[in-house]
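Each chain, written out:
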Amino acid sequence: MRFSLIKREPSFFFENMHEDLQRFLKDTFGDIEPSKTPIERTFRPAVELCEDKEGYKIKVELPCVKKEDIILALTPENVIITAESKFENNEEKKDVKYSEFRYGKFSRNIYFEHPVKLEEADSEFKNGVLYINLKKIEPKGEEVKKIEIK
């Protein structure tokens, strides 16, 4: 059996590594590119989705967000949570050189396996955490229609 060697440049294996790493980091940690203000970064809070036989419970950590800066849009198939954590540019913070606080806009679309009842949805914002409770729609038995073959 003969083997032939294929000569390749060492950079061949690393051509797309930079783009792949950038995409991985962005998907994992959000947009970490520098912005106009050095301490502004993408706001990406933690989300927890729990499901039981009655419905869904969603918790979203939204520290430093005001209740009036949160928008919830609900359909039977999904919920869209939009919020904004704003950097307050006042005298106390004008000398901030570094901050691990996250500021910016956030939007999250959560899809459900089972449709939910819009009229029974409720939410509460307490201690920087948004709680959303949703009830599932009772599944109806599948109707089978027989079609006559002509």
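Because the structure is predicted, anything quoted here is derived from the model rather than measured.

**So, the nonpolar core**
A general feature of soluble globular proteins is that nonpolar side chains tend to end up buried together. In terms of nonpolar packing, the biggest core is built from 16 residues, with Ile 58, Val 60, Leu 62, Ile 81, Phe 112, Leu 130 and Leu 134 touching the most fellow members. If you list the elements that add at least two residues to this core, you get strand E2 (55-61), strand E4 (78-85), strand E5 (104-111) and strand E7 (129-135).

**Topic: the side chain of Lys 136**
With respect to the helices, strands and loops of the structure, Lys 136 is situated in the segment after E7. A polar contact is formed between the side chain of Lys 136 and the side chain of Glu 51, at a distance of 2.7 Å. In this structure, Lys 136 is in contact with Glu 51, Asp 52, Lys 53, Glu 54, Gly 55, Tyr 56, His 114, Pro 115, Val 116 and Lys 117, ignoring residues within four places of it in sequence.

**Some details on unusual backbone geometry**
Phi is positive for Cys 64, close to 65 degrees, though the residue is something other than glycine. Mapped onto the secondary structure, Cys 64 falls in the loop between E2 and strand E3 (70-74). Positive phi is not limited to glycine here, since Asn 127 has a value of about 55 degrees. By the secondary structure assignment, Asn 127 is in the loop between strand E6 (122-126) and E7.

**A short note on the sheet that holds E5**
Pairing is antiparallel in the open sheet, where three strands are placed in the order E3-E4-E5. Edge strands, defined here as strands with exactly one partner in the open sheet, are E3 and E5. Sheet twist, expressed as the average angle between the axes of neighbouring strands with direction ignored, equals 10 degrees. Where E4 and E5 come together, eight bridges link them in antiparallel fashion. Looking at the pairing, Ser 85 lines up with Gly 104 of E5.

**Brief notes about the pairing of E2**
If a strand is regular, its side chains alternate between the two faces of the sheet. Of the strand pairs in this sheet, strand E1 (residues 47-51) and E2 are connected by five bridges, and their pairing is antiparallel. Its bridge partner lying in E2, Glu 51 is registered against Tyr 56. Between E1 and the antiparallel strand that follows it, E2, lie three residues. Where E2 and E7 come together, seven bridges link them in antiparallel fashion. Considered in E7, the bridge of Gly 55 is made with Lys 135.

**What about the sheet that holds E1?**
Strand order in the open sheet formed by four strands is E1-E2-E7-E6, with antiparallel pairing between adjacent strands. In this open sheet, the two strands that pair with only one neighbour each are E1 and E6. Each strand of the sheet is rotated relative to its neighbour by a mean of 15 degrees, with strand direction disregarded.

Parameters at a glance
Per chain, residue numbering runs from 1 following the sequence as it is written. The predicted nature of this model means local features are confined to residues of pLDDT at least 70 and side-chain atom pairs, given and counted, to a pLDDT of 80 or more, with totals for whole chains, interfaces and linings taken over all residues. By convention in this description, side-chain values take in all heavy atoms of the structure and omit both hydrogens and water. The criterion is simple. A nonpolar core is a set of buried Ala, Val, Leu, Ile, Met, Phe, Trp, Tyr and Cys residues joined through side-chain atoms within 4.5 Å. For each residue, the accessible area found with a 1.4 Å probe, counting protein chains only, is set against the maximum for its type, and the residue is called buried under 20%, exposed over 50%, and partly exposed in between. Secondary structure follows DSSP: runs of H or I at least 4 residues long count as helices, runs of E at least 2 residues long count as strands, and numbering of each begins at the N terminus. N or O atoms within 3.5 Å of each other form a polar contact, as long as, within protein, one can give a hydrogen and the other can take it, and as long as residues adjacent in sequence are counted only when both atoms are side-chain atoms. For this analysis, residues touch if any pair of their heavy atoms sits within 4.5 Å. Here a strand pair is declared whenever DSSP counts at least two bridges between the two strands. Every angle, taken between N-to-C directions, lies between 0 and 180 degrees, and every axis is a line fitted to C-alpha atoms, over only the stretch in contact when it is a helix.

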